[in-house]
Amino acid sequence: MTPEIVTHPAIQILGMRAQMSYTTYNAAAVWQRFMPRRKEINNSIGNDLYSIQVFGATYWKQFDPTVSFDKWVGVAVPNTDVIPHDMETLLIPAGLFAVFTFVGDESKAPAFFEQIYAHWLPNSIYDLDDRPHFEILGDKYKRSDPTSEETVWIPIKKR
């Protein structure tokens, strides 16, 4: 498991969010609210969808699956001049990211993320940075399909 290390500019997201923990994880509920209204966003950049996790500053110091975080879903936009009703904006700050490619359906995701956080990260020259973590669901993403692909962006900083 070798990521690409990328410096990425800030990304402005327009979408919806919900608070959840990994023990009460229900991303589907946020997607079900967002997807029927996605076309209300007239200025999206491309067709990619963003699945975003915003953790508190100390979230990863001592991982506890019952601690809540904000789960966002949305699209990248060049500006937030028009915000549809019940949608919000999120700025993902510029910075360094470890970018992984995940292939498979959602049942393989927990093992994939465990490899990143429990094995790759501790053995790398990086620490987590306190910025949003996100996945980009692009053209190769196919929900519940074993051939589905998405990119996983983990915010990092050099130790």
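For the structure, check the block above.
Residues numbered from 1 in each chain as written. Predicted model: local features only at pLDDT ≥ 70, side-chain atom pairs only at ≥ 80, totals over all residues. Heavy atoms only, no water.

Trainee: Residue-level account of the pattern of salt bridges, with values.
Mentor: For the structure shown, the criterion picks out 5 salt bridges. The shortest N-O distance in the salt bridge between aspartate 129 and arginine 131 comes to 2.8 Å. A relative accessible area of 24% means that aspartate 129 is categorised as partly exposed. Overlapping salt bridges bring together Arg17, Asp70 and Glu88 as one network. (Salt bridge = Lys/Arg side-chain N within 4 Å of Asp/Glu carboxyl O. Buried < 20%, exposed > 50% of the residue type's maximum accessible area, 1.4 Å probe, protein only.)

Trainee: Quick rundown of the layout of surface pockets? Include the residues and the values.
Mentor: In this model, the largest pocket occupies a volume close to 1400 Å³. Only helix H1 (27-34), strand S3 (49-54), helix H2 (109-120), strand S7 (126-128), strand S8 (133-137) and strand S9 (149-158) provide two or more residues apiece to the lining of the largest pocket. Looking at the lining of the largest pocket element by element, the count peaks at 6 residues for H2. Class assignment for the residues of the lining of the largest pocket results in 24 nonpolar, 9 polar and 14 charged. (1 Å grid on protein atoms, 1.4 Å probe; cavity = no way out; pocket = protein on both sides within 12 Å on 5 of 7 lines; lining within 4 Å. Points joined across faces, edges and corners; volume = space filled by probe spheres on them. Helix = DSSP H or I, 4+ residues; strand = E, 2+ residues; numbered from the N terminus. Nonpolar A, V, L, I, M, F, W, Y, C, P; charged D, E, K, R; others polar.)

Trainee: Could you give me a rundown of a nonpolar patch on the surface, with the residues and numbers involved?
Mentor: Residues Tyr22, Tyr25 and Phe63 make up a contiguous nonpolar surface patch of roughly 290 Å² in combined accessible area. Classification of phenylalanine 63 by relative accessible area gives partly exposed; the value is 42%. (Patch = residues over 30% accessible without salt bridge, like charges linked within 9 Å, V, L, I, M, F, W, Y side chains within 5 Å. Areas by Shrake-Rupley, 256 points an atom, 1.4 Å probe, with all protein chains shown as cover.)

Trainee: Help me get a handle on the side chain of serine 21, residues and values and all.
Mentor: Considering the arrangement of structural elements, one finds serine 21 in the loop between strand S2 (11-20) and H1. Of the polar contacts made by the side chain of serine 21, one reaches the side chain of threonine 23; its length is 2.9 Å. Apart from the residues within four sequence positions on either side, serine 21 is in contact with Pro65, Thr66, Val67, Ser68 and Phe69. (Polar contact = N/O pair within 3.5 Å; in protein donor to acceptor, adjacent residues only side chain to side chain. Contact = heavy atoms within 4.5 Å.)

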